[in-house]
Amino acid sequence: MFIQNAWYPVAHSKEIGRKILARRICDKPLVMFRTHDGTVAILEDLCCHRLLPLSHGKLNGDNIVCGYHGMEFNAAGACVNIPCQERINPNAKVKSYPTVERHNFVWTWIGDESLANSDEIPDFSWNDSSEWRGDSASMLLQCDYRLLIDNLLDLSHESYVHWRWEYEEIARAPIKTTQEGETVTVSRVSEPMEYEEWSNWGNWMKRAIGYQGPFYRFQHCIFTKPCFVIIDSGAIKKGCEYPNSNLEESIRGKMINCAVPSTPTSCWHLFSWPRNYALDDHRLTADIIKILYDVFLEDVEVLEAQQRSILENPDRSMVSIAVDAGPMKARRIIEQNLDGAKRAAE
């Protein structure tokens, strides 16, 4: 169900410190923490002695101490202390995972370690570029990660699920779906919209460039395996050309979405939204991430209800419509990678 040989972000950098953090990724229990030099360690969340999760323990310096009998493991997973004996069995160890910290995410490789190449980590450099500014958050959803990918690739739902925040013009805008290799892009450019006080993009145009007139919206939702959807979106003054990078005429954001599988029916949504405007407006940074979180909570309600319905109706199939072209292509890429991995294993 999950692509194993891939880099997955397990947390935002700011989420991991000198406190134990436990997360299940691709149905594998992980425990993570920072050593005193700032390095992140990711281990199997399972003591080799009596199989208690190590997340029930505590840190002692750069070691994690099992909360049952006090066995200590270092950042590489080797047992370095057993309180009741001097000799340490060489089999007393726990699995450690390849770990890289990049672009304000902490990444790990779930599959065959010999295939782990950090050059394959996606370029999310907007997250830590001096030319972009934003914040991040995460939430756990009780749904299949592929349902979240569907949701992020088909933004026509904005006019209905998020009707308090968005215009109906979004759902009516023509969609262009393309695929290049294993990358799927769903694009749309709206008709001109009038400024409204309740509109997120209208207010951001006002705060960033002092504009309160009609504007176009554009969205490019870009899927890459195993679970990423970048939403390149923005607004442009009516009468100005599209595409547009003039900061006096347009604003732009790069919403980074990671639909990280947790279990077959749950996933972590790690997201951030770096923007290229009003970089010194720290209040705007806080406002945007709060709005995004509230908007995604509306998606959570829908997606979790959808997951429950799917489980209750195992014999029912879904009827596809035009807006499903992008999600269907993304699912096909995921399935092809799963099938390829299965054939290789056989």
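What this report covers is the structure whose coordinates are included nearby. Fair warning: this is a prediction, and the values are worked out from it, not measured in the lab.

1. Quick word on the sheet that holds strand S6 (residues 63-65)
Right, so step 1: With respect to topology, four strands assemble into an open sheet ordered S5-S6-S7-S8, the strand pairing being antiparallel. Strand pairing shows two members of the sheet lacking a second neighbour, strand S5 (58-60) and strand S8 (79-81), which therefore form its edges.
Right, so step 2: Alignment of S6 against strand S7 (residues 72-73), held across two bridges, turns out to be antiparallel. Paired with Ile-64 across the strands is Phe-73, a residue of S7.

2. Digging into the layout of surface pockets
Right, so step 1: For the largest pocket, the calculated volume is near 500 Å³.
Right, so step 2: Considering the residues around the largest pocket, the lining is formed by 21 residues, among which Asp-150, Asp-154, Gln-306, Met-318 and Asp-324 are closest to the centre.
Right, so step 3: When residues of the lining of the largest pocket are traced back to their parent elements, those giving at least two are helix H1 (145-153), helix H2 (158-161), helix H5 (282-312) and helix H6 (325-345).
Right, so step 4: Taken together, the residues of the lining of the largest pocket break down into 11 nonpolar, five polar and five charged.
Right, so step 5: In this structure, the second largest pocket encloses a volume near 390 Å³.
Right, so step 6: Around the second largest pocket, the lining is made up of 18 residues, and of these Ile-3, Asn-5, Ala-6, Lys-225 and Asn-337 lie nearest the centre.
Right, so step 7: With three residues, H6 is the single largest residue contributor to the lining of the second largest pocket.
Right, so step 8: Among the residues forming the lining of the second largest pocket, the class breakdown is 10 nonpolar, five polar and three charged.

3. A short note on the nonpolar core
Most often, soluble globular proteins keep nonpolar side chains buried together rather than apart.
Right, so step 1: In this structure, Tyr-8, Ile-25, Ile-149, Trp-204 and Phe-223 are the most contacted members of the largest nonpolar core, which totals 77 residues.
Right, so step 2: At nine residues, H5 tops the list of elements feeding residues into this core.
Right, so step 3: In contact with Phe-223, not counting residues within four places along its chain, are Ile-149, Leu-153, Glu-182, Thr-183, Val-184, Phe-228, Val-229, Ala-330, Ile-333 and Ile-334.
Right, so step 4: In terms of nonpolar packing, the next biggest core, distinct from the first, is built from 16 residues, Leu-54, Ile-64, Met-71 and Ile-82 among them.

4. Quick look at unusual backbone geometry
Right, so step 1: Cis rather than trans, the peptide bond between Lys-225 and Pro-226 has omega equal to 0 degrees.
Right, so step 2: Between Tyr-242 and the following residue, Pro-243, the backbone shows a cis peptide bond with an omega angle of -5 degrees.
Right, so step 3: Here Pro-243 lies in the loop between strand S15 (228-237) and strand S16 (250-263).
Right, so step 4: Positive phi is not limited to glycine here, since Leu-51 has a value of about 65 degrees.
Right, so step 5: For Leu-51, a relative accessible area of 52% corresponds to the exposed category.

5. Some words on the pairing of S16
Right, so step 1: Of all 14 residues in S16, 13 are buried, a share of seventy percent or more.
Right, so step 2: Examined bridge by bridge, S15 and S16 share nine bridges and lie antiparallel to one another. Across the sheet, the residue bridging to Phe-228 is Cys-258, located in S16.
Right, so step 3: In this sheet, strand S17 (residues 266-272) lies alongside S16 in antiparallel orientation, the contact comprising seven bridges. Paired with Asn-257 across the two strands is Phe-271, which belongs to S17.
Right, so step 4: Hairpin connection of S16 to S17: two residues between the antiparallel strands.

6. Quick word on the packing of helix H4 (residues 200-209) against H5
Right, so step 1: At a closest axis distance of 12 Å, the pairing of H4 and H5 adopts a crossing angle of 175 degrees. Classified by the angle their axes make, H4 and H5 are roughly antiparallel. The segment H4 lies against H5, with Asn-200, Trp-204 and Arg-207 engaging Arg-283, Leu-284, Asp-287, Ile-288 and Ile-291.

7. What about the pattern of salt bridges?
Right, so step 1: Using the criterion set out here, one finds 16 salt bridges in the structure.
Right, so step 2: Between Arg-207 and Asp-281 there is a salt bridge, with its nearest N and O atoms 3.7 Å apart. Separated by 74 residues along the polypeptide, Arg-207 in helix H4 and Asp-281 in the loop between S17 and H5 bring together distant segments of the chain.
Right, so step 3: Overall, the relative accessible area of 37% leaves Arg-207 in the partly exposed class.
Right, so step 4: Note on Asp-281: relative accessible area 24%, which makes it partly exposed.

8. A look at the sheet that holds strand S12 (residues 176-180)
Within a sheet, neighbouring strands are paired by backbone hydrogen bonds and run either parallel or antiparallel to one another.
Right, so step 1: Spatially, S11-S17-S16-S15-S14-S13-S12 is the arrangement adopted by the seven strands of the open sheet, whose pairing is antiparallel. Looking at the sheet topology across the chains shown, the edges are occupied by strand S11 (136-141) and S12. Within the sheet, the average angular offset between the axes of one strand and its neighbour, ignoring direction, is 15 degrees.
Right, so step 2: Set on the sheet, H6 makes contact with S12, strand S13 (183-189) and strand S14 (215-224); between it and S13 the angle comes to about 170 degrees.

9. Concerning H4
Right, so step 1: Within the span of H4, buried status applies to Asn-200, Trp-201, Gly-202, Trp-204 and Met-205.
Right, so step 2: Where H4 is buried, its residues contact S14, S15, S16 and H5.
Right, so step 3: Of the residues flanking the start of H4, the one acting as N-cap is Ser-199, its side-chain oxygen 3.5 Å from the backbone nitrogen of Trp-201.

Rules of the game
Position numbers for residues start from 1 in each chain and track the written sequence from start to end. Owing to the predicted nature of the model, reporting of local features is limited to residues with pLDDT of at least 70; listing and counting of side-chain atom pairs is limited to 80 or more, with chain, interface and lining totals taken over all residues. Heavy atoms from the whole structure form the basis of all side-chain values; hydrogens and water molecules are not counted. Pairs of strands are assigned from DSSP output, requiring at least two bridges between the strands. Helical segments are the DSSP runs of H or I of at least four residues, strand segments are the runs of E of at least two, and each set is numbered from the N terminus. Any residue with an atom within 4 Å of a point lines the site, the site being either a cavity, points on a 1 Å grid over the protein atoms alone where a 1.4 Å probe fits but cannot get out, or a pocket, an open set with protein on both sides within 12 Å along at least 5 of 7 lines. Grid points are joined across faces, edges and corners, and a volume is the space filled by probe spheres set on the points. Any residue outside Ala, Val, Leu, Ile, Met, Phe, Trp, Tyr, Cys, Pro, Asp, Glu, Lys and Arg is labelled polar, Gly included; the first ten of those are nonpolar and the last four are charged. We call a set of buried Ala, Val, Leu, Ile, Met, Phe, Trp, Tyr and Cys residues a nonpolar core when their side-chain atoms join them within 4.5 Å. Using a 1.4 Å probe on the protein chains alone, a residue whose accessible area is under 20% of its type maximum counts as buried, one over 50% counts as exposed, and one in between counts as partly exposed. Only heavy atoms enter the contact rule, under which two residues are in contact if any of them lie within 4.5 Å. Between N-to-C directions, angles cover 0 to 180 degrees, with each direction set by a line fitted to C-alpha atoms, over the stretch in contact for helices. Oblique is the label for any angle not covered by the other classes, which are roughly parallel (under 35 degrees), roughly antiparallel (over 145) and roughly perpendicular (65 to 115). Salt bridges are defined as contacts in which a side-chain nitrogen from Lys or Arg sits within 4 Å of a carboxyl oxygen from Asp or Glu. Whenever a nitrogen or oxygen atom comes within 3.5 Å of another N or O atom, the pair is scored as a polar contact, on the condition that within protein one atom can donate a hydrogen and the other can accept it, and that pairs from neighbouring residues in sequence are kept only if both atoms are in side chains.

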